[in-house]
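# Geometric and topological summary
Each chain is listed here by its residues.
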Amino acid sequence: QVALPGWEERAYVPEILRARAIAFEGLGAHDKAEETYRASIAAAREQGARSWELRSATSFAALLARQRRRDEAIHVLRPIYD
């Protein structure tokens, strides 16, 4: 629905993408989850939606931490906290 032409309500795009990334995680598709988390963060930044950005970045960082990629997790969160 969000991707349809003429549909102007895009405020929830970052959260929709975050939910999709969580679904990919549940399916074990970690590469797709990572790609989708990055898209969610980018959409939130584009909108200037800091709360959506933090929510997506926190979820993404948790995935990275579970994969023992802690330095990358910190790198994802640092710009938001700075």
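Scroll up to find the structure this text is about.
Remember, predicted model here, so these are calculated numbers, not experimental data.

In this structure the tally under the stated criterion is two aromatic pairs. Ring centres of Tyr-12 and Trp-52 lie 6.0 Å apart, and the angle between their planes is 65°; on these two criteria the pair is classed as edge-to-face. With Tyr-12 in the segment before α1 (13-27) and Trp-52 in helix α3 (residues 50-66), this residue pair connects regions lying 40 residues apart in the sequence. By relative accessible area, Trp-52 is classed as partly exposed at 22%. Measuring from centroid to centroid gives 5.5 Å for Tyr-37 and Phe-60, while their planes differ by 25°, and the two rings are stacked. Taken as a pair, Tyr-37 in helix α2 (residues 30-47) and Phe-60 in helix α3 lie far apart in primary sequence, 23 residues in all.

About the cut-offs
Residues numbered from 1 in each chain as written. Predicted model: local features only at pLDDT ≥ 70, side-chain atom pairs only at ≥ 80, totals over all residues. Heavy atoms only, no water. Phe/Tyr/Trp six-rings, centres within 6.5 Å; stacked < 30°, edge-to-face > 60°. Helix = DSSP H or I, 4+ residues; strand = E, 2+ residues; numbered from the N terminus. Buried < 20%, exposed > 50% of the residue type's maximum accessible area, 1.4 Å probe, protein only.

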